[in-house]
Amino acid sequence: MDKLKKTKNFLFKNKVGKYLVMGSFAFFLIKGLIWLGIFLFAGLSFINFY
């Protein structure tokens, strides 16, 4: 538990850590939105196909 606390403090106290956390959050958010768009497009195309 101590290692987790040290890592968390390092990431949120350090400017580079903040950029790392926000960058990874943005990356996975955009990645998720792209996959959502792909699934919606495929689903609507499949519905209109039949």
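What you see is a predicted model; the values in this text were computed from it and never measured.

Reading the values: the criteria
Residues numbered from 1 in each chain as written. Predicted model: local features only at pLDDT ≥ 70, side-chain atom pairs only at ≥ 80, totals over all residues. Heavy atoms only, no water. Helix = DSSP H or I, 4+ residues; strand = E, 2+ residues; numbered from the N terminus. Rg over C-alpha atoms; globule rule 2.2 N^0.38 Å. Buried < 20%, exposed > 50% of the residue type's maximum accessible area, 1.4 Å probe, protein only. Areas by Shrake-Rupley, 256 points an atom, 1.4 Å probe, with all protein chains shown as cover. Patch = residues over 30% accessible without salt bridge, like charges linked within 9 Å, V, L, I, M, F, W, Y side chains within 5 Å. Salt bridge = Lys/Arg side-chain N within 4 Å of Asp/Glu carboxyl O.

Draft legend 1. Structural view of the overall build of the protein chain. Of regular secondary structure, the protein chain possesses two helices and zero strands. Whereas a compact globule of 50 residues would reach a radius of gyration of roughly 10 Å, the protein chain reaches 19 Å, over 25% beyond that. Counting only C-alpha atoms, the protein chain reaches 55 × 25 × 5 Å along its principal axes. Out of the 50 residues in the protein chain, the part that is buried amounts to 2%. Accessible surface computed for the protein chain: about 5,100 Å², of which carbon and sulfur atoms make up 77%.

Draft legend 2. Spatial organisation of a nonpolar patch on the surface. On the surface, M22, F25, L29, L33, L36 and L40 cluster together into a nonpolar patch covering about 640 Å² of accessible area. Along the chain, the position of L29 falls in helix α2 (residues 15-49). For L29, a relative accessible area of 44% puts it in the partly exposed group.

Purely spatial values, then, with no claim about function.
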